[in-house]
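# Close look at the chain arrangement
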Amino acid sequence: MSTSTRGEGGDLPTVLLDQIEFHWTQFMRGRLEGLTDEEYLWDPTGDQRAWTVRPGGEEWTTIDVAIPEPVPAPFTTIAWRIGHIVVGVLAARSHSHHGGPPADYGSWPYAATAQEALDQLDREYTRWIDGVRRWDAEDLQVAVGPAEDPFAAMSRATLVPHINRELLHHLAEIGVIRDLYAHRA
């Protein structure tokens, strides 16, 4: 028989939301303030082979990608990383799980400027997090379905922390690239 006392908090929807919203507001989003266009597209490798977002006519519509991904994977610019977060992490999931507009890597209007990218990031983060806010504890137990193949049978309660991890690690990577940019020779 357990003698431990039941802890406070632990309501699953609140825990999942608090985790990402705390980091988003206290650390991640502020770290992106002042991002310049030069920094957005900067290739720290110096060989101009980093994956990035590239012009495709009137709009920036191309993101470098290969399936399967080369080994080792190419270095990616801040532009590429934000594009990945916006489309692959947030917008595609908002479409699949919250009725947002269609989103895929091949047709997305990628941002040509840092400010446009940050506007897209803010919009898609808000769309995703507003959808998650509508899920209660029971909703979080619903299977994610074919949009998350091969994980279709997994619950939304596994998807939300996955998206949280994606945001945390990619935005931390962007922070490191910003540090490298600030200290470049």
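Conventions adopted
- Residues numbered from 1 in each chain as written.
- Predicted model: local features only at pLDDT ≥ 70, side-chain atom pairs only at ≥ 80, totals over all residues.
- Heavy atoms only, no water.
- Helix = DSSP H or I, 4+ residues; strand = E, 2+ residues; numbered from the N terminus.
- Buried < 20%, exposed > 50% of the residue type's maximum accessible area, 1.4 Å probe, protein only.
- Contact = heavy atoms within 4.5 Å.
- Areas by Shrake-Rupley, 256 points an atom, 1.4 Å probe, with all protein chains shown as cover.
- Expected span 1.5 Å × (residues − 1).
- Phe/Tyr/Trp six-rings, centres within 6.5 Å; stacked < 30°, edge-to-face > 60°.
- Lys NZ or Arg CZ within 6 Å of the ring centre and 35° of its normal.
- Axes fitted to C-alpha atoms, helices over the stretch in contact; angles between N-to-C directions.
- Parallel < 35°, antiparallel > 145°, perpendicular 65-115°, else oblique.
- Left-handed = near helix turned anticlockwise from the far one by under 90°.
- Nonpolar A, V, L, I, M, F, W, Y, C, P; charged D, E, K, R; others polar.
- 1 Å grid on protein atoms, 1.4 Å probe; cavity = no way out; pocket = protein on both sides within 12 Å on 5 of 7 lines; lining within 4 Å.
- Points joined across faces, edges and corners; volume = space filled by probe spheres on them.

Moving on: the overall build of the protein. A tally of regular secondary structure across the protein gives five helices and two strands. With the principal axes as the frame, the protein shows a C-alpha extent of 60 × 35 × 30 Å. Within the protein, the proportion of its 185 residues that are buried is 43%. Looking at the protein alone, contacts between residues at least 24 apart form 67% of all its contacts between residues at least 6 apart. For the protein, the computed accessible surface area is about 10,400 Å², with 55% contributed by carbon and sulfur atoms.

Across residues other than glycine, the phi torsion is negative in most instances, and most of the peptide bonds are trans. With an omega of -5 degrees, the peptide bond between Val71 and Pro72 qualifies as cis. On the secondary structure map, Pro72 appears in the loop between β2 (59-63) and α3 (78-98). At the junction of Asp149 and Pro150, the peptide bond is cis and its omega measures out at 10 degrees in the coordinates. With respect to the secondary-structure elements, Pro150 resides in the loop between α4 (114-133) and α5 (156-182). Phi angles above zero are rare outside glycine, and Gln48 is one such case at about 55 degrees. Residue Gln48 is classed as exposed on the basis of its relative accessible area, which comes to 59%.

For helix α1 (residues 12-28), spanning 17 residues, the distance from its first C-alpha to its last is 22 Å, which sits close to the expected 24 Å at 1.5 Å a residue. Those residues of α1 that sit buried are Pro13, Leu16, Leu17, Ile20, Trp24 and Met28. Of the surrounding elements, those touching the buried residues of α1 are α4 and α5.

Before going further, it helps to examine the packing of aromatic side chains. One pass over the full model with this rule turns up five aromatic pairs. The residue whose ring lies beneath Arg81 is Phe75, and the NZ or CZ to ring-centre distance is 5.2 Å. Positioned above the aromatic ring of Tyr181 is the side chain of Arg184, whose terminal nitrogen or guanidinium carbon lies 3.7 Å from the ring centre.

Let us now look at the packing of α3 against α5. Here α3 crosses α5 at 165 degrees, and the two axes come no closer than 9 Å. One way to sum up the angle between α3 and α5 is to call them roughly antiparallel. For the pair α3 and α5, the crossing hand works out as left-handed. The residues of α5 that touch α3, namely those facing Ile78, Arg81, Ile82, His84, Ile85, Val89, Leu90, Arg93 and His97, are Leu159, His162, Ile163, Glu166, Leu167, His170, Leu171, Glu173, Ile174, Ile177 and Arg178. Looking at the contact of α3 with α5 residue by residue, the classes come out as 11 nonpolar, four polar and five charged.

Moving on to the layout of surface pockets. Volume-wise, the largest pocket comes out at about 200 Å³. Considering the residues around the largest pocket, the lining is formed by 13 residues, among which Trp51, Asp64, Val65, Glu69 and Trp80 are closest to the centre. Within the lining of the largest pocket, the residues separate by chemical class into nine nonpolar, one polar and three charged. The calculated volume of the second largest pocket comes to roughly 170 Å³. Lining the second largest pocket are Arg93, Val144, Glu148, Asp149, Phe151, Met154, Ser155, Thr158, Leu159, His162 and Arg165.

Further remarks concern the packing of α3 against α4. Two elements in contact, α3 and α4, have axes whose closest approach is 9 Å; the angle formed by their N-to-C orientations is 30 degrees. Crossing handedness for the pair α3 and α4: left-handed. Seen from α3, the contacting residues are Ile82, Ile85, Val86, Leu90, Ala91, Arg93, Ser94 and His98; seen from α4, they are Ala117, Leu118, Gln120, Leu121, Glu124, Tyr125, Arg127, Trp128, Gly131 and Val132. Of the residues that constitute the contact of α3 with α4, the class distribution is 11 nonpolar, four polar and three charged.

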